[in-house]
Structures are given as C-alpha cells and as structure tokens.
Amino acid sequence: MCGIAGAWSFDGTGDAREDAVRRMTTCISHRGPDDHGYWSDDAAGIGLGHRRLSILDMSPSGHQPMASRSSRFVTVFNGEIYNFRELRDELAAGGATFRGHSDTEVMLAAFERWGVVPTVGRMAGMFALAVWDRAERVLHLIRDRLGEKPLYYGWVGDTFVFGSELKALRAHPKWQGNINRGALALFLRHNYVPAPYSIYSNIRKVLPGTALTFRSSEPGHVPTLDVYWSARDMTLRGSAQTVSGTDEELIAACEARLSDTIRQEMIADVPLGAFLSGGIDSSLIVALMQANSTRAVKTFTIGFHVPEFNEAEHAREVAAHLGTEHTELYVTPEETLNVIPRLPALYDEPFADSSQIPTFLVAQLARQHVTVALSGDGGDELFGGYNRYFLGQRIWGKVRRIPRSMRRGVASGLRAVSPQRWDKVFATVGGVLPGGPPAMAGDRIHKLAGVLSADTQEQLYHDIVSHWPDPRSVALGHAEHGTVLTDPSLWPQLPEFASRMMYLDLVSYLPDDILVKVDRATMGVSLESRAPFLDHRVVEFAWSLPHHVKVRDGVGKWILREVLAKHVPRRLFERPKMGFGVPIDRWLRGPLRAWAEELLDPSRLRQEGYFDERAVTEKWQEHQSGSRNWQYLLWDVLMFQAWLRA
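Along each chain, residue indices are assigned from 1 in the same order as the chain's sequence is written. Under the rules for a predicted model, residues below a pLDDT of 70 receive no local features and side-chain atom pairs below 80 are neither given nor counted, while totals for whole chains, interfaces and linings still include all residues. Excluding hydrogens and water, the side-chain values take into account all heavy atoms of the structure.

Visitor: Before we move on, can you summarise the layout of surface pockets with the specific residues and values?
Guide: The pocket and cavity definitions rest on a 1 Å grid over protein atoms only: a 1.4 Å probe that fits but cannot leave marks a cavity, an open set with protein on both sides within 12 Å along at least five of seven lines marks a pocket, and residues lining either have an atom within 4 Å of a point. Grid points are joined across faces, edges and corners, and a volume is the space filled by probe spheres set on the points. In this structure, the second largest pocket encloses a volume near 620 Å³. Forming the walls of the second largest pocket are 29 residues, and the residues nearest its centre are L207, P208, V484, Y503 and V507. Under the DSSP-based scheme used, a helix requires at least four consecutive residues in state H or I and a strand at least two consecutive residues in state E, with every element numbered from the N terminus. Taken together, the elements giving at least two residues each to the lining of the second largest pocket come down to β12 (224-227), α7 (231-240) and α20 (497-523). The biggest single contributor to the lining of the second largest pocket is α20, with six residues. Put simply, Ala, Val, Leu, Ile, Met, Phe, Trp, Tyr, Cys and Pro go in the nonpolar bin, Asp, Glu, Lys and Arg in the charged bin, and everything else, Gly too, in the polar bin. When its residues are assigned to classes, the lining of the second largest pocket shows 19 nonpolar, seven polar and three charged.

And the structure:
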C-alpha cells in the first residue's frame, strides 16, 4: 500500500514543482515509509510523487513513479491488483517481458496493450492511481470499484493537485481551503462527508468505479468521466439473473468463491495476518485463511474491560478452535482515550464514527507483528447483516397501512414520554422479555417515532441512518448537498426493501464511512488492510444470490453462517450482533467532559460561526442531565470542532 500525490500547472519552475510535490508526499509518509520517489514532465508542467509501503517485489524494480516499457505511461499507484499474475501470463503470451514481479509493472504493460480504462475494467483489486499519458498529454485519476482506496483532487490557485489524503493537498504552498458548509450539513446527518464532496469547497473525491480524464490543468476544467463499473447496473443484473440451486449447492458455491478470493489476497512478500473480532464475518475470513494455509494464521483482537463492548473472549475461542497464532491486547480506558487527540490528523476531515477508536487500536496492535491484515469488512452490506435490513422491512410492513395522520399522532405520543421514562418502563417489565430489557430502549423508541411519518421506504431508510434529522437546525449557512440517498433517479428498482437498503449502504455508508475508517486507521500505522468480501467478483456473486439465502426467518447473513458452521461450532458465533464501539455516552459525562465543554463553549461556537450554539448547548445539557443520550449527535459536533481546532 502506498500514498500518492501530484501537481500540474505551468506556473513556476520545475524545481518549485518538485519541492511542492515532495512536501505533499512527505505529509503522507505513514502510508509508505519504505521508499519515496518523484517524476516530472517539465514541458507539460506535471509532477508525480509516491510513498511506498513495500508488499510485493521488495527490489528497486518495484520503485515508483514507474514508467511503462515504451515510457508512454507513467503512474503512481496505491493498492493491490489481486489477479496480476493471470494478467501477466496473458501479456507474456503476447510477447510482453518484465523486469520485476510487481503488479504495477503488469498494469503498465496492460495499459500499452489494451488502453487505460479497458485495463482497469479487467483488474481485480483495490486501488487509487494517477496515470500520465505522455503521448496524449492527459492525466487519468482512477478509483477502485467499491472505494477502498481514497483519492482527492481539485485546484489551489492555478494549480491542479491530487493526493491520497487531504493533508497532502494542504501541504501545497498555494493551498487555500474554505469550509464547504453544504458538506458540513451532510456530515451532521451521516457522521461522514459523502463523496464526491469533501469538507473543502474546492476539493472533491473521485467516485468509486470511475476514471476521470483531465486534458487541461486550467482551474474549472471539466474532466471526461468513464464509469467502468456501476454498482447500480451490477445490482440490477444480479437481481434479474439470480443463481439457482439447492441450499447446499449455494453454500458450496459461496465457500468456493470466498476461498478463491482469499487465496489471492494472501499473496504478499511480507508478514500477513487478520483482524478477528469473533463475529461471523471476521471468523469466516480467518477460517478460510487457515484452511488455505500450511501454518498458523496470525490473528489480532482488542479487548475492553467493559463487558458490553468486549468481544475478545469470543475471538479467543474462535482462534483456539481454528488453531491460529492469536494475539489479544486489553486496553485501559486511558489508552483508549489517548487516541482521541490523534483523530483530527488521522482522518483529515471531520469523521465521527466512534468505532474509529478501537479500529485504530487493533491496527496498531497488528502492525507490531505483520504488514498486511485481512478483515471482514463488507459482509454486512452484501449478505444482509444489519438489523435495519429486516427491522426496516418489518416496520414498513406495519406502518404503511396506517394513515399518515394517525402515524404522526402515534409518533407524538411516543415522544411525549421521555426516553428516561421509557427506560424505567422497560426495566420494570424486562423480566418477561426475551433477553431482558433492550439497551437504550427510550432512545430507540424516540428513533422509531422519528421514522413513523415516512412517505416511502427510501425515506424510512434515510431517517434510520440519519444522526441529526434536520442539520439546518444546527449547521449555519447552507442546506446539505444532494447525494445518492436523496436522488431517486439513481436507485435501482429492486423487489425487496431490504435489497434497496443494502444497495444504498453499498454506495454510501460502506465507502464513505466503513472504508474511510479502516483505510485511515490502518495506513496511519503503515499497515495494509485487505477486505476479501469487497473483491468485485465476490460482490457480484453476492448480488446474484436469491434474497432468502441472505436474510431468512428474520436472521441476516444466513449463507455466511452456514459456510462458517462447516469450520467453527455454531455455539461460538451464534449470538446477538455486538458491533465495535466504545462508551462515548459515559465518557462525555466523565473523563471527556472538560475537553468537550471547551470545544462546545457557546461563545466559541458563536465566534466560529458554524453551529447554532443554542441547539448544541441544549443537546449537551440534556445529555449531562441523563434525560437523553445524545452521544452520536454530540460526537458529530465534537469531531468537527476538534478537526477545526487542529
């Protein structure tokens, strides 16, 4: 894995350009501590920079920026091409020769044989790359299908810049960054800034599955957009052409597809391991890794001394059954809290998924032993693992028959009882409920009240995934920008509501939250993370499966459970989904209170001018009193404030 950056303009000297690009890549040296390089075409005014984390071909022949054999194409590449050996064999059969054995060299040879965009369509992997075509004098910026690897671009003055992280762009001497208030409003709704927006008005993100071709570095130049892979088209094809077979046949096909992918993703010239939480997704990845390995797989787990947040015991049992070389680390509250000051620099723009904290800790642990770690990310979105996929369907099935006016009345009644009172009610009757009283029952009931007035299923989904239901009530200056979640023309017409929710997660929550969280946490410690579920061949297979093998009898990931049961006893993984969190609500009333009060000081908010201090103060006071749990909404504001201060 690596970090890339570049600048393109005719302003200034070649020396000034090289100095600027080297400053940009130095800022992201954590993404590639093993090597660095620079290349320029002074006649064209472009410079490319690279930081290398050596994974394949540790020799100098893997050095970047790298030119194709004819020198027509020059690239800086961040990622892995898992099928590069098959592509290499095909190219060699046609006469191509190679100096080393890196996937980057194979990719460049393929560009010369098949062209840039057609080649990317044949690549299986995760990647963000820039390709300069010296013959045509055009720049291609390309991002992988699912958005595993980041790529930002925009103009600073009269210079076009791009890079793996925002900090690289900010390092350019002409940097000017104005806050994108529409993106801030989106951040408050979702706890992340969705692509193609960034927190800066002049900087955007390359969308997953697309290639942008720039023929000019002039500010405002509109690039050509090639969509080489469309999630929408893929889901429609899969829904229209579902595979047939018995349960046993589909289970065997699923295991074979995942095993083939995992074998490819275990290729590395450096130590490799896996994250193991003890949940279904990570346990399945590790089980299939161990089945394909002649030695014990290295696995890593973080443990907490708070039972409701601790999965380490479950992971330990799975590791013992599979015979992995398991490492676990129990972290203290102090160690966990010490991560928080690092978050603004780590994530580069406001990001408020609080599982960012344990994700960083487990990445830090793994990096002490390996350079590559496989993860179970993507299993929930592809195979129906989130509760909203079956609960949303159930809620809509009940409420859609009720007139909207009556639903609003019910919602008002539910809100009339405070969450604290609802918690007491459930505590009283909890003894007769299966599993006891639900956690945060009062807040969940108020969340339900908030979605009862939805007109459509998609609006219901939008309400379910929203943090601040009306960001305009707190963010000053601009309404939120439109996204795929607010544009019905971008939604595929899929038969099941759950499938439509899974699609929307696939193109929003997954790339803009989950994959951002994992990329920054792992690359922040120079660790490469690979997600076998997100190989596009697995994604396409998952969408070709009939819905009833994903969600069955109100239980998600049915087919993954059946594959895992062939390797691990059910008693080790059949339990309620826990998630990967930390007790933010308690911390804000305890050890984080002083830090938060400084950032949320009303006079400070008023002076900065981004938030309505009255709305924020009201939520803070209600949270401190214990009458409401506003941890998620407050964490959104706090992460912006901490980022702004940094």
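Visitor: Go over the sheet that holds strand β6 (residues 125-133), please, and point to the residues and values.
Guide: Paired strands are those between which DSSP finds at least two bridges. If you trace the six strands from one edge of the open sheet to the other, you get β4-β5-β6-β7-β11-β12, paired in antiparallel fashion. The open sheet has two free edges, formed respectively by β4 (66-67) and β12, since each of these has just one partner strand. The contact definition used throughout considers only heavy atoms, calling two residues in contact when any of these lie within 4.5 Å. Axis lines are fitted to C-alpha atoms, over the contacting stretch for helices. Their N-to-C directions set the angle, which ranges from 0 to 180 degrees. Against the sheet, helix α3 (residues 103-114) contacts β4, β5 (73-81) and β6, and its axis sits at roughly 130 degrees relative to β5.

Visitor: Tell me about empty space enclosed by the protein, residues and numbers included.
Guide: In this structure the tally under the stated criterion is six cavities of 30 Å³ or more. Approximately 130 Å³ is the volume found for the largest cavity. Every residue lining the largest cavity is counted, 15 residues in all, and those nearest its centre are C2, L56, Q64, D103 and T104. Of all the secondary structure elements, the ones that give two or more residues to the lining of the largest cavity are β5 and α3. Looking at the lining of the largest cavity element by element, the count peaks at three residues for β5. Tallied by class, the residues present in the lining of the largest cavity amount to six nonpolar, six polar and three charged. Of the voids in this model, the second largest cavity is the one considered here, and its volume is about 90 Å³. Looking at the second largest cavity, the residues that line it are M126, E148, K149, S375, D377, L515, V518, D519, T522, S529, R530 and A531. Elements with a minimum of two residues in the lining of the second largest cavity: α20 and β17 (528-530).

Visitor: Go over the sheet that holds strand β10 (residues 203-205), please, and point to the residues and values.
Guide: Spatially, six strands are ordered β2-β3-β1-β9-β8-β10 in an open sheet, and the strand pairing comes out antiparallel. The sheet is open, and its two borders are formed by β2 (35-41) and β10, each paired with just one other strand. Mean inter-strand twist for the sheet, computed between neighbouring axes without regard to direction, equals 15 degrees. As paired strands, β2 and strand β3 (residues 46-52) are joined by seven bridges and run antiparallel to one another. Bridging across to β3, G37 finds its partner in H50. Contacts from helix α1 (residues 14-26) reach β1 (2-8), β2, β3 and β9 (159-163) within the one sheet, and its direction differs from that of β3 by about 30 degrees.

Visitor: Residue-level account of unusual backbone geometry, with values.
Guide: The peptide bond linking Q64 to P65 adopts the cis configuration, its omega dihedral lying at 0 degrees. Within the secondary structure, P65 is located in the loop between β3 and β4. With an omega of 10 degrees, the peptide bond running from A195 to P196 counts as cis. Here P196 lies in the loop between α6 (181-190) and β10. You will see that S71, though not glycine, has its phi angle at about 70 degrees, which is positive. Inspection of the secondary structure assignment puts S71 in the loop between β4 and β5. Exposure classes here rest on a 1.4 Å probe applied to the protein chains alone. A residue is buried below 20% of its type maximum, exposed above 50%, and partly exposed in between. Residue S71 is classed as partly exposed on the basis of its relative accessible area, which comes to 32%. Phi angles above zero are rare outside glycine, and D348 is one such case at about 70 degrees. On the secondary structure map, D348 appears in the loop between α12 (343-347) and α13 (356-367).

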